[in-house]
Amino acid sequence: QVQLVESGGGLVQAGGSLRLSCAASGLTFSTYTMGWFRQAPGKEREFVGRITASGDITYYADSVKGRFTVSRDNAKSTVYLQMNSLKPEDTAVYYCAARVYANSRYPYWGQGTQVTVSS
């Protein structure tokens, strides 16, 4: 049974930083591309960033480029989202997701962790 468990969310002031973690189990982690998504109240879920299985390539949404960094530790089956220079508009529930094949849907999702950025 695949499980993705996010942690590290919380309340932070604008300009601050948070690091989210997503611990995976029940899958061969090193073969999965890992993605981060977020959903703000009343809005559609949106892509934040992703990292390839080997960790050599990352992609980011324009809204977070230069502020957020996705990384992974395959030995720990964990993916991270380092968020710097946070803005109130970054407030959302953040989800990690896993997929094997490029340009396919993400079949596995975590339960999400809340990030709230105060102004």
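Heads up: these notes are all about the structure in this document.

The rules behind these values
Residues numbered from 1 in each chain as written. Predicted model: local features only at pLDDT ≥ 70, side-chain atom pairs only at ≥ 80, totals over all residues. Heavy atoms only, no water. Helix = DSSP H or I, 4+ residues; strand = E, 2+ residues; numbered from the N terminus. Rg over C-alpha atoms; globule rule 2.2 N^0.38 Å. Buried < 20%, exposed > 50% of the residue type's maximum accessible area, 1.4 Å probe, protein only. Contact = heavy atoms within 4.5 Å. Areas by Shrake-Rupley, 256 points an atom, 1.4 Å probe, with all protein chains shown as cover. Lys, Arg positive; Asp, Glu negative; His and termini not counted. Charge placed at Lys NZ, Arg CZ, Asp CG, Glu CD. Core = buried A, V, L, I, M, F, W, Y, C linked by side-chain atoms within 4.5 Å. Pairing = 2+ DSSP bridges. Axes fitted to C-alpha atoms, helices over the stretch in contact; angles between N-to-C directions.

1. Comments concerning the overall build of the protein chain
In terms of helices and strands, the protein chain carries zero helices and eleven strands. Compactness check: the protein chain gives a C-alpha radius of gyration of 13 Å against a globular reference of 14 Å for 119 residues, within 12% of the reference. Summarising its shape, the C-alpha atoms of the protein chain cover approximately 40 × 25 × 25 Å along the three principal directions. Counting every position in the protein chain, which comprises 119 residues, the buried fraction comes to 45%. Sequence separation of at least 24 residues holds for 54% of the intrachain contacts in the protein chain that already meet a minimum separation of 6. Here the protein chain has roughly 6,200 Å² of accessible surface; of this, 46% comes from carbon and sulfur atoms. When the 12 basic and 8 acidic side-chain charges of the protein chain are each reduced to a single mean position, those positions are 3 Å apart.

2. Re the nonpolar core
In terms of nonpolar packing, the biggest core is built from 29 residues, with Met34, Trp36, Phe68, Val79, Leu81, Met83 and Tyr94 touching the most fellow members. Counting residues per element, the ones that place at least two in this core are β3 (18-25), β4 (33-39), β5 (46-51), β7 (68-73), β8 (78-83), β9 (92-99) and β11 (113-118). Non-local contacts of Tyr94, meaning those with residues more than four positions away in its chain, are made with Glu6, Leu20, Phe37, Arg38, Val48, Phe68, Leu81, Met83, Gly112, Thr113 and Val115.

3. Concerning the side chain of Thr52
Position of Thr52 relative to the elements: it lies in the loop between β5 and β6 (58-60). The contact partners of Thr52, leaving out residues within four places of it in the chain, are Tyr32, Thr33, Ile57 and Arg72.

4. Observations regarding the sheet that holds β3
Spatially, the four strands line up as an open sheet ordered β1-β3-β8-β7, and their pairing is antiparallel. Strands at the two margins of the open sheet, each flanked by one partner only, are β1 (3-7) and β7. Each strand axis lies, on average, 15 degrees off the axis of its neighbour in the sheet, ignoring direction. Relative to β3, β1 runs antiparallel, the two sharing five bridges. Within β3, the residue paired with Gln3 across the bridge is Ser25.

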